[in-house]
Structures are given as C-alpha cells and as structure tokens.
Amino acid sequence: MNAPTPAPNDYSAYPDAQGRFGDYGGRYVPETLMPLVHELDAAYRAAKADPAFQAELSGFLTHYVGRPSPLYFAERLTRHYGGAKIYLKREELNHTGSHKINNCMGQILLARRMGKTRIIAETGAGQHGVASATVCARFGLPCVVYMGAVDVERQKPNVFRMNLLGARVEAVTSGSATLKDAMNEALRDWVTNVHDTYYMIGTAAGMHPYPEMVRDFQSVIGKEVREQTLAAEGRLPDAVVACVGGGSNAIGIFHPFLNDEGVRLYGVEAAGEGMDTDRHAAAINGGRPGVLHGNMTYLLQDPEGQITEAHSISRPRLSRHRARAFLAARCRPGDLSDRHRR
Amino acid sequence: MTKARIDARFAALKAEGRAAFVAYVMAGDPDYATGLEILKGLPGAGADVIELGFPFSDPMAEGPPIQRAALRALDKGMTLTKTLQMISEFRQVDQTTPIILMGYANPLINRGFETFARDAAAAGADGLIVVDIPPEEADPLADALDAEQMSLLLLSTPTSDDARLKIIQKRTSGFAYYVSVAGVTGVKEADAAVVAPHVQRVRAASGLPVCVGFGIRTPERAAAVARVADGVVVGSALVEEVAEALAVNETVTARVLSKVDSLAKAVRSARVESLTV
C-alpha cells in the first residue's frame, strides 16, 4: 500500500480519477451498483463545473439553510481557559439544527438533476435523517431513512421529526442494529432499486464520489470560517478543532485550511470508556485500514477483519489525551501525526 | 492444479451435455463440525461445484437468509483461517470437486491478498468471488490469485452492459457468474426467459461457461435455468434449510443434503426432459 506522490502538502489534487485519497477511498461496491456509481460520478463532475448548479446551491444555502452561520467569539470559555481566543462555528443554527443539511442540499439538487425520483438515506443519531427528510419534503420526493433499531429507541425525538416531515423510518434489526447496519440496509435497498433511487450518504464515507461530494458540500463551513476569522482577527486561526465521527463536519471545516502550513488541524474522536478499552468510537486512533461500505478507510475491526461496533455513550467525552490531528484519508492522505504532533 | 480443477469439471459436464449444479453453503454454519459434514456430503448429494461462503459481519449484498447464516457461523467462532482449514479437511476425501470461496473484501485485506492466495491455494480452494470488489478495484487481488493459479470470478449483473462485460471478463477465469436479478441474495426470483439472452451475452463476452445465481430457490426454477445456462447456483434456499432444521430440531446435515439432492436431480434431468417434451 504505497501512496502516490502528489506535490508534498498539496491536498487539493485528491481524490484521483479512481476516487483514491492516497491509499484510501476507492469504489468497493457490488457490480450491480458500479454503472450507477459511474453515472453519479459523471453527473457530479458536470454539476460541479456548472455555474448554474453552484448558483442554485448557493441560493438555497442562503435562503433556506440560513447561511452563513455565525462565528461566535466565546468570551467566557476563552477566559476560563486563559489561552487561545476561542471561536465557535455555529452550525447548529442552520435549518434542521446541524451541519448535515449543507450536504443534503447539494445532493438533493444533484439527485433532481439526475432525474431520480426516490431518496434513501442512513442515519445514526438522526441528524442526517432529519436533514434528508427536510430537503425531500422541500422538493416533494419520497424519502426512506434507514436507522438502527437501537438508535430508533435512543433518539425518538428525531424519529418523530422525520415522520412529521413525511419520511418513512425503517428500523434496522440486522447485525448490531446501529449505524453501520443502517448503511448496509440502505446499500441493499439501493442495489435492489438501482434505476430510480438516489442514495444520500451523510458522512465522509461510501464509495467514490461520495467522500468528495460530502467534502465539497461541507467545505462551505471552512470557507466561511476562513473569511470570518480574517474579518474578526485579520489573520488565519492558529488551530482548528473538530469532532470526528464519520468525518463530515471535520473535513468540511478542515479542507479549506489543508494547504495552510501555519494552521494546525485537530480531529477529536470519542474515546468512550478509554482508548485502553475496546469501548470507544475512535476508528482512526484505535482502528486499522480496511474496506467497508464502499471505501478503504480506518475501521474498528477484530483481528480477523470482522467489523466491531463503535461504542457510543449518551454524553460523549472528548479524549484530551489523544487530541491529535490524525485524519486518515477521508480528509487527506497519510499520517498527519508528524506535522501536527506537539 | 486449481484452475485446472474448474476447467476439468466443466469440460466433463459439457461432454455429458448438462448444466452444473453449484451449491452455496456458509462455512461453519451452524458450527464447524456440522459445516464440515455438510461440505463433505455435497458432492455425493449432487453438487458439481461448491461455493463456500466465508462469513463477514457486514454482508451488504446479502438478503436475510445469508446474513443470518453468517451471524450463526460468526457466533460459533468461524473465521477465514478456519474456513481454509475446512477446505483442507474436505480435500482429504475429495480431490476433484471445485471449491469457490465467496465473501467480502475486508477479511481478505486484513490477511493480505498474497498471504490469502497462498494459504487458500495450499488448502485446496480453486477460485474466489468477492462481492464488493468490482473490476475497478480487482487488479491487486487478481494478481495475487494468478500467482497461485487460482481463479477470480468477477460477477456480471443485469446492469452490466456489453462494455462492462468486457472489463469484467478481462480478469475472470474458471467460469462466468451471472447475477440474475438486481438486488440482494434470496429475495427476488429469477426468470429463465429473461435470463437467457443475458447468459448468451456473457458467454459471448467471456468464452467461459456461464453459471446463474441469485433468486433460484426451487427445483422447477433450477431446471428452467439449467436449460439456458451452463450452471445453476443455489444459496439462500440451502442456508434456510440450516435455519429450519435448527428451528424444528432436525438433523441439519440430512436436511441440507436432501435439498441439494432434489435441486441437483432437477438440474441433471432438465435438458433430458426438455428434449422429450
């Protein structure tokens, strides 16, 4: 597994034509889906280069999502820690209450452009499900959201919201009945309904071009942070910190800073009961590369290559000890620990 | 030795003028000992080729029957290593029936393609189907298998046009596998009349015998497909027999092999019947 060698520290070239971010990414899907994946790739290439598409997306982000979201100076938090000036990017103020809608808005416009008439999505806690249900309601498309039965129980208010928006929530009981199984079930739906269905993936995962699309649609976060920091401070930030689950908000805020040597990027994974236990959700710090859901990435897996469940607690604790920027390939290739180790 | 075993089997079937019956079972379902007993019994019950599933926790293209079979096997501690060990034990009693391993990429990546290919060939496996490795990602695996004279069988599907069939067949050997329905295993039913022209397309593109799988559950349907294809694959209907036998406390091996027997008989007599009709 030798990474190709683009110009050092230039991450704008990724992914390559095969959908690779160095060793990672790719298109590991059943043959039935492959023609569709190529079709999606071609449609996305065309949309990405089409000023009309970008203008339409920009209009909806402004008038429907409510962008730009504020960059808020957290005065008391700054004083509490007594170090860096801390700003918070207020993605929770978007319509539907999270960053997820940035990506959903981009993808639903693409799905419409492709003439798809039915949308499916997976969701874990429910934020992507709610955002998907919302954009489907906005454009009048039927929406099926796959959600692990365990998560349906844990996150009832979000299930209620999705139903209210007209989406059908399918409780997935296969496997461990959580997010990874919801994604398996969505893929099974897609492979069965290839001709009319668009699969709206919510995180920086899945087969190419999904990680690239999610990155591009979420990069609006980082672009705004860049402009807002320049406006507020007259300079770029010293560091950007983001939580990493699937990675969509992290790559969204990091990507516009990837080539800025002076900006340190910290991805923080949920350490659960600790990195010395197997009850955590830190796939990058505590996992190994492998293939799941269409891409090569860091996975929590056992010694035989079986996927293990991410441990989730209701109030995730951040791992202060392991807050290194190690973003694997969803964001950029290779091991970032050297550049960012303190 | 390995690719040769597949070629020899299909050459013999061609001489007999009949289609192959390909039986899919999940290794270690419901446990290692029973799984091995089933495996050893398959040729006698009429399986011409064996597809041996190695379990994966997240089988994205499987319907509920094979998902559950994988979980049963994993619950009893089945692994890729033990799957290869099972093939070694099978080879002590059968040196001629081809075995095609079938599963998902991650356990193979975890082991390393070269190591896997060496171990699998040494155990006596002949070919490999990996559901989530399409032609675009197949080269490293195909190279590793080539080095051990093992076949990689890339799947053709209803969504594969002629241009893709060419790409698929570039790295396929042994036989061509046509997935008869767009969907997961064991849910939709295959229609022999719809399948027939696709089989001809795949045969023309590959120059290989074409076996048809996904959506074949009954002897009648197996016979119908056997009239238009070079082989018929049945999987979900067999692993469901495991589940049924466990549910009603019957002998698992006898029940599975009895189903194999009825399907194999239907495949063997299919063309004879069609000639006399």
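**Here we look at helix 11 (residues 236-247) of chain B**
All names here are of chain B.
So, point 1. The terminal C-alpha atoms of helix 11 lie 16 Å apart, and with twelve residues this matches the ideal 16 Å at 1.5 Å per residue to within 8%.
So, point 2. Among the residues of helix 11, those classed as buried are Ser236, Ala237, Leu238, Val239, Glu241, Val242 and Ala245.
So, point 3. Once helix 11 ends, the next one or two residues include Asn249, with phi positive near 60°.

**Focus on helix 4 (residues 80-91) of chain B**
All names here are of chain B.
So, point 1. With twelve residues, helix 4 extends 17 Å between its outermost C-alpha atoms, agreeing within 8% with the 16 Å of an ideal straight helix rising 1.5 Å per residue.
So, point 2. Among the residues making up helix 4, those that are buried are Leu80, Thr83, Leu84, Met86, Ile87, Phe90 and Arg91. Down the axis of helix 4, the buried side of the element spans an arc of 150°, and every buried residue falls inside it.
So, point 3. At the N-terminal end of helix 4, a side-chain oxygen is found 3.4 Å from the backbone nitrogen of Thr81, two or three residues along, and the residue is Thr79.

**Some words on the pattern of salt bridges**
So, point 1. Applying the stated criterion across every chain, the model contains 45 salt bridges over all chains.
So, point 2. A salt bridge links A:Glu212 to A:Lys48, with the shortest nitrogen-to-oxygen separation between them at 2.8 Å. Taken as a pair, A:Glu212 in helix 9 (residues 210-233) and A:Lys48 in helix 1 (residues 34-48) lie far apart in primary sequence, 164 residues in all.
So, point 3. B:Arg217 is the partner of B:Glu240 in a salt bridge, and the nearest nitrogen-oxygen pair spans 2.4 Å. Remark: B:Arg217 occurs in the loop between strand 8 (210-213) and helix 10 (219-226) and B:Glu240 occurs in helix 11; sequence separation between them is 23 residues.

**Observations concerning the confidence of the model for chain B**
So, point 1. With 97% of its residues at a pLDDT of at least 70, chain B reaches an overall mean of 95.
So, point 2. Scoring of the predicted complex yields 0.91 for pTM and 0.94 for ipTM.

**What to know about the sheet that holds strand 5 (residues 151-152) of chain B**
All names here are of chain B.
So, point 1. Here nine strands make up an open sheet; going across it, the order is 5-4-3-2-1-9-8-7-6 and the pairing parallel. Each end of this open sheet is capped by a strand with a single partner; those strands are strand 5 and strand 6 (155-156).
So, point 2. In terms of strand pairing, strand 3 (residues 99-103) meets strand 4 (residues 127-130) through four bridges, oriented parallel. Bridge pairing in strand 4 links Ile100 to Gly127.
So, point 3. Together, strand 1 (20-26) and strand 2 (49-53) form the strand contacts of helix 2 (residues 32-45), whose direction differs from that of strand 2 by roughly 160°.

**Some remarks on the domain arrangement of chain A**
Accessible area lost upon the coming together of the parts is a frequently used measure of interface size.
Residue and element names in this part refer to chain A.
So, point 1. The domain boundaries assigned to chain A delineate domain 1 (30-59 + 99-211) and domain 2 (69-96 + 219-340).
So, point 2. Taking only C-alpha atoms into account, the centre of domain 1 sits 23 Å from that of domain 2.
So, point 3. With both chains or domains summed, domain 1 and domain 2 bury close to 1600 Å², and 57% of this area falls on carbon and sulfur atoms.
So, point 4. It is His99, Lys180 and Ala204 that lose the most area in domain 1 upon contact with domain 2, and together they represent 34% of the buried surface on that side.
So, point 5. One can count seven residue pairs in polar contact (both at pLDDT 80 or more) joining domain 1 with domain 2.
So, point 6. Elements with a contribution of two residues or more to the side of domain 1 that touches domain 2: helix 4 (100-113), helix 5 (127-139) and helix 8 (179-192).
So, point 7. With four residues, helix 8 is the largest single contributor of residues to the side of domain 1 that touches domain 2.

**A look at the interface of chain B and chain A**
So, point 1. Facing 36 residues of chain B, the contacting portion of chain A comprises 38 residues.
So, point 2. Of the roughly 2800 Å² buried between chain B and chain A, counting both surfaces, carbon and sulfur atoms make up 52%.
So, point 3. The largest contributions to the chain B side of the interface with chain A come from B:Asp58, B:Met60 and B:Glu137, which together make up 23% of the buried area.
So, point 4. The tally of links from chain B across to chain A stands at three salt bridges.
So, point 5. Between B:Asp58 and A:Lys180 there is a salt bridge, with its nearest N and O atoms 3.0 Å apart.
So, point 6. Where chain B packs against chain A, one counts 21 residue pairs in polar contact (both at pLDDT 80 or more).
So, point 7. Of all the secondary structure elements, the ones that give two or more residues to the side of chain B that touches chain A are helix 3 (64-75), helix 4, helix 5 (105-111) and helix 8 (162-170) of chain B.
So, point 8. Per-element tally for the side of chain B that touches chain A: the top contributor is helix 5 of chain B, with five residues.
So, point 9. Considered class by class, the residues forming the side of chain B that touches chain A number 19 nonpolar, ten polar and seven charged.

**With respect to the environment of B:Val130**
Residue and element names in this part refer to chain B.
So, point 1. Examined against the element boundaries, Val130 turns out to sit in strand 4.
So, point 2. Classification of Val130 as buried rests on a relative accessible area of 5%.
So, point 3. Once residues lying within four places of it in the same chain are set aside, the contact partners of Val130 are Gly103, Tyr104, Ala105, Leu108 and Leu141.

**Some points on the confidence of the model for chain A**
Residue and element names in this part refer to chain A.
So, point 1. On average, residues of chain A carry a pLDDT of 88, and 88% of them reach 70 or more.
So, point 2. Within the model, the stretch residues 1-6 combines pLDDT values under 50 with nine contacts to residues more than four positions away or in other chains.
So, point 3. The low-confidence segment residues 314-342 (pLDDT under 50) makes 69 contacts with residues lying over four places distant or belonging to another chain.

**Concerning the sheet that holds strand 8 (residues 197-200) of chain A**
Residues and elements named next belong to chain A.
So, point 1. In spatial order, the strands read 7-6-5-8; together these four strands make up an open sheet with parallel pairing. Where the open sheet ends on each side, the last strands, each with one partner, are strand 7 (168-172) and strand 8. For this sheet the average axis-to-axis angle between neighbouring strands, irrespective of direction, equals 25°.
So, point 2. Strand contacts of helix 5: strand 5 (118-123), strand 6 (143-148) and strand 8, with the helix running at about 165° to strand 5, the strand carrying the most contacts.
So, point 3. Of the strands in this sheet, strand 5, strand 6, strand 7 and strand 8 are in contact with helix 8, which crosses strand 5 at around 160°.

**Some details on the side chain of A:Arg67**
Residues and elements named next belong to chain A.
So, point 1. Relative to the helices and strands, Arg67 resides in the loop between helix 2 (51-65) and strand 3 (71-73).
So, point 2. Within polar-contact distance, the side chain of Arg67 engages the side chain of Ser69 at 3.4 Å.
So, point 3. Within the structure, Arg67 has its side chain in polar contact with the side chain of Asn102 (distance 2.8 Å).
So, point 4. If we skip the residues at most four places from it in the chain, Arg67 touches Leu61, Thr62, Lys89, Glu91, Asn94, Asn102, Val220, Ile221 and Glu224.

Parameters at a glance
- Residues numbered from 1 in each chain as written.
- Chains lettered and ligands numbered in written order.
- Predicted model: local features only at pLDDT ≥ 70, side-chain atom pairs only at ≥ 80, totals over all residues.
- Heavy atoms only, no water.
- Helix = DSSP H or I, 4+ residues; strand = E, 2+ residues; numbered from the N terminus.
- Expected span 1.5 Å × (residues − 1).
- Buried < 20%, exposed > 50% of the residue type's maximum accessible area, 1.4 Å probe, protein only.
- Arc of directions from axis to C-beta.
- Polar contact = N/O pair within 3.5 Å; in protein donor to acceptor, adjacent residues only side chain to side chain.
- Salt bridge = Lys/Arg side-chain N within 4 Å of Asp/Glu carboxyl O.
- pLDDT = per-residue confidence, 0-100.
- Pairing = 2+ DSSP bridges.
- Contact = heavy atoms within 4.5 Å.
- Axes fitted to C-alpha atoms, helices over the stretch in contact; angles between N-to-C directions.
- Domains from an automatic or database assignment.
- Buried area = accessible area lost by both parts, 1.4 Å probe.
- Nonpolar A, V, L, I, M, F, W, Y, C, P; charged D, E, K, R; others polar.

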